[in-house]
Amino acid sequence: MIEIRNLYKTFSSGDDKVDALQNINLTIADGDVYGIIGMSGAGKSTLVRCINMLERPTAGTVTVNGRDMGALSNAELRQARREITMIFQQFNLLMQRTCLQNVCFPMELSGVKKAAAKKRAMELLELVGLPDKAGAYPAQLSGGQQQRVAIARALATDPKVLLCDEATSALDPNTTHQILSLIRDINDKLGITVVVITHQMSVVKEICKHVAILDHGTVAEEGLVSAVFAAPKSEAARRLVYPAREGEIISDPGSETKVRVIFASAAAASMPLVARMARERSVMANIISANTQPIDGKTYGDILLGIPHEQLSAALDFLRGIPELTVEEVSDLV
């Protein structure tokens, strides 16, 4: 378990100070795939680097598997980091070493005998689907293959926690999907706790079970991914879940009110809401935008409607009477 309590991180440069993290409190259960998401500058990477003490917090504690990371000696911290490994956006492979040698490297540093390290490295390359690339060099691989080697290397010390700092940001969508599927498969097979740092909601939706949304160094919202997507409460979450979509400017605020309808089941998503509302209540709604997405085996989504001002009451009465819908007026495009 990872427990982060009252965590602060302030960077100072002369008389200038930047509060990168402010009073962060999170609990990440063993075996979870936990997403930490936010816009650029929200503090995501600083937070993940505080977990393994690559960045020392200004105040607060980080406890991993019962150990206060900030209280460890340098030797104890080096030992602890073998159980808290990390993969990065730029892969960070050693270009003069083969894939096999890259995976062997952390075991060499830990004193594992050469034959045992080579055997384990081949097992890990098999796990990530690259046993045929053992003798290849990183420059001979695609970006997705390099990230697979980086994952194999991160698993070499049998970690309990895998930190992924924007690990798919440099990859195309298809390769991103393959890497996320691999990480999820590793989580299922090995029970490793995975912390995913990203600015992409698509990554969170595909792989994570829980999510924390960071905004200007604070936790704006956290919970099950499905719950946050179904009904985001904070402004930061709403900006991520409901980004302004091209075409939403067609709504005329002088003649209509924007109403967002959020549905949390396939049955609700497939219902002809606009047609029924027109037939049963004579409300002529303008469909501004719509979106559906599967999350954790369920269908979630939203429709943004433009309702004529004089028909707003009838529309809200109709929509709020339908199960598995959340209905809200919106005053802007968030």
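Small disclaimer: the values here were computed from a predicted structure and weren't measured.

Undergrad: Any chance you could break down the nonpolar core for me, citing the residues and the numbers?
TA: One broad rule of soluble globular proteins: the nonpolar side chains tend to lie buried together. Ile87, Leu125, Val149, Ile151, Ile183, Ile207 and Ile213 are the most contacted members of the largest nonpolar core, which totals 57 residues. Once residues within four sequence positions are removed from consideration, Ile207 is found in contact with Val33, Leu180, Ile183, Arg184 and Val196. Of all hydrophobic cores here, the second largest spans 29 residues; its members include Leu7, Ile51, Leu72 and Ile84.

Undergrad: Can you explain the pattern of salt bridges? Please cite residues and give values.
TA: One pass over the structure, following the stated rule, counts 18 salt bridges. A salt bridge links Glu328 to Arg238, with the nearest nitrogen and oxygen atoms 2.9 Å apart. Taken together, the residues span a long stretch of sequence, with Glu328 in strand S14 (residues 325-330) and Arg238 in helix H9 (residues 235-241) at a distance of 90 residues. The partner of Arg276 in a salt bridge is Glu280, and the shortest N-O contact between them spans 3.1 Å. Of this pair, Arg276 and Glu280 are both found in helix H11 (residues 273-281), four residues apart, which corresponds to roughly one turn of the helix.

Undergrad: Break down the packing of helix H3 (residues 99-109) against helix H4 (residues 114-127) for me, with residues and values.
TA: It is the contact of H3 with H4, at a shortest axis distance of 9 Å, that shows an interaxial angle of 125°. With respect to each other, H3 and H4 are oriented oblique. Handedness of the H3/H4 crossing: right-handed. Counting all contacts with H3, which are made through Leu100, Val103, Cys104 and Met107, the residues of H4 involved are Ala117, Lys118, Arg120, Ala121, Met122, Leu124 and Leu125. Its residues assigned to classes, the contact of H3 with H4 shows nine nonpolar, no polar and two charged.

Undergrad: Describe the packing of H11 against helix H12 (residues 312-319), with residues and values.
TA: Orientation of H11 relative to H12, taken along the N-to-C sense of each, is 120°, at an axis distance of 11 Å. In this view, H11 runs oblique relative to H12, as classed from their interaxial angle. Read as a crossing pair, H11 and H12 show a hand that is right-handed. The residues of H12 that touch H11, namely those facing Leu273, Arg276, Met277, Glu280 and Arg281, are Ala314, Ala315, Asp317, Phe318 and Leu319. A class-by-class count of the residues in the contact of H11 with H12 yields six nonpolar, no polar and four charged.

Undergrad: Run through the sheet that holds strand S2 (residues 16-28), naming residues and quoting values.
TA: Ordered by their spatial adjacency, four strands build an open sheet running S2-S1-S4-S5, and the pairing between neighbours is antiparallel. Of all strands in the sheet, those bounded by a partner on one side alone are S2 and strand S5 (67-68). Where strand S4 (residues 59-64) and S5 come together, two bridges link them in antiparallel fashion. In the strand pairing of S5, Thr63 is matched with Asp68.

Undergrad: Give me the lowdown on the side chain of Arg153, citing residues and values where you can.
TA: Mapped onto the elements, Arg153 comes out in helix H5 (residues 143-154). Nearest to the buried, unbridged Arg153 among oppositely charged side chains is Glu108, at 11 Å. Not counting chain neighbours up to four residues away, the residues in contact with Arg153 comprise Phe91, Asn92, Leu93, Leu94, Asn102, Val103 and Pro106.

Undergrad: Provide a residue-level description of the pairing of strand S7 (residues 161-165), including the pertinent values.
TA: Across the five residues of S7, five count as buried, placing the element largely inside the fold. Residues of S7 alternate between two faces, with Val161, Leu163 and Asp165 on one and Leu162 and Cys164 on the opposite face, all of them buried. As defined by bridge partners, strand S6 (residues 84-88) adjoins S7 across five bridges and the pair is classed as parallel. What sits directly across from Ile87, in S7, is Cys164. In terms of strand pairing, S7 meets strand S8 (residues 193-198) through five bridges, oriented parallel. Across the sheet, the residue bridging to Leu163 is Val195, located in S8. Considered for its hand, the β-α-β crossover made up of S7, helix H6 (residues 173-190) and S8 is right-handed.

Undergrad: Describe in detail the packing of aromatic side chains, supporting the description with residues and values.
TA: Tallied over the full model, the rule gives zero aromatic pairs. Geometry around Phe11 places Lys9 over its ring, the cationic atom sitting 5.0 Å from the centre.

Undergrad: Lay out the confidence of the model for the chain in plain terms, naming residues and giving numbers.
TA: Here the chain averages 88 in pLDDT, and 93% of its residues register 70 or above. Mean pLDDT values over the elements of the chain span from 62, in helix H10 (residues 266-269), up to 95, in strand S3 (residues 33-37).

Undergrad: I'd like to hear about the side chain of Lys9, residue by residue, with values.
TA: Relative to the helices and strands, Lys9 is located in strand S1 (residues 2-13). We classify Lys9 as buried; its relative accessible area is 10%. Sequence-distant contacts of Lys9, that is, excluding residues within four places in its chain, are made with Val18, Asp19, Ala20, Leu21, Thr46, Glu55, Arg56, Pro57 and Thr58.

Undergrad: Which residues make up the sheet that holds S8, and what values go with them?
TA: Read from one edge of the open sheet, six strands run S6-S7-S8-S3-S9-S10, paired in mixed fashion. Strands at the two margins of the open sheet, each flanked by one partner only, are S6 and strand S10 (218-224). The sheet shows a mean angle of 15° between the axes of neighbouring strands, direction not considered. Pairing of strand S9 (residues 210-215) with S10, which is carried by six bridges, proceeds in the antiparallel orientation. Paired with Ala212 across the strands is Glu222, a residue of S10.

Parameters and conventions
- Residues numbered from 1 in each chain as written.
- Predicted model: local features only at pLDDT ≥ 70, side-chain atom pairs only at ≥ 80, totals over all residues.
- Heavy atoms only, no water.
- Core = buried A, V, L, I, M, F, W, Y, C linked by side-chain atoms within 4.5 Å.
- Buried < 20%, exposed > 50% of the residue type's maximum accessible area, 1.4 Å probe, protein only.
- Contact = heavy atoms within 4.5 Å.
- Salt bridge = Lys/Arg side-chain N within 4 Å of Asp/Glu carboxyl O.
- Helix = DSSP H or I, 4+ residues; strand = E, 2+ residues; numbered from the N terminus.
- Axes fitted to C-alpha atoms, helices over the stretch in contact; angles between N-to-C directions.
- Parallel < 35°, antiparallel > 145°, perpendicular 65-115°, else oblique.
- Left-handed = near helix turned anticlockwise from the far one by under 90°.
- Nonpolar A, V, L, I, M, F, W, Y, C, P; charged D, E, K, R; others polar.
- Pairing = 2+ DSSP bridges.
- Lys, Arg positive; Asp, Glu negative; His and termini not counted.
- Right-handed = clockwise from strand over helix to strand, strands pointing away.
- Phe/Tyr/Trp six-rings, centres within 6.5 Å; stacked < 30°, edge-to-face > 60°.
- Lys NZ or Arg CZ within 6 Å of the ring centre and 35° of its normal.
- pLDDT = per-residue confidence, 0-100.

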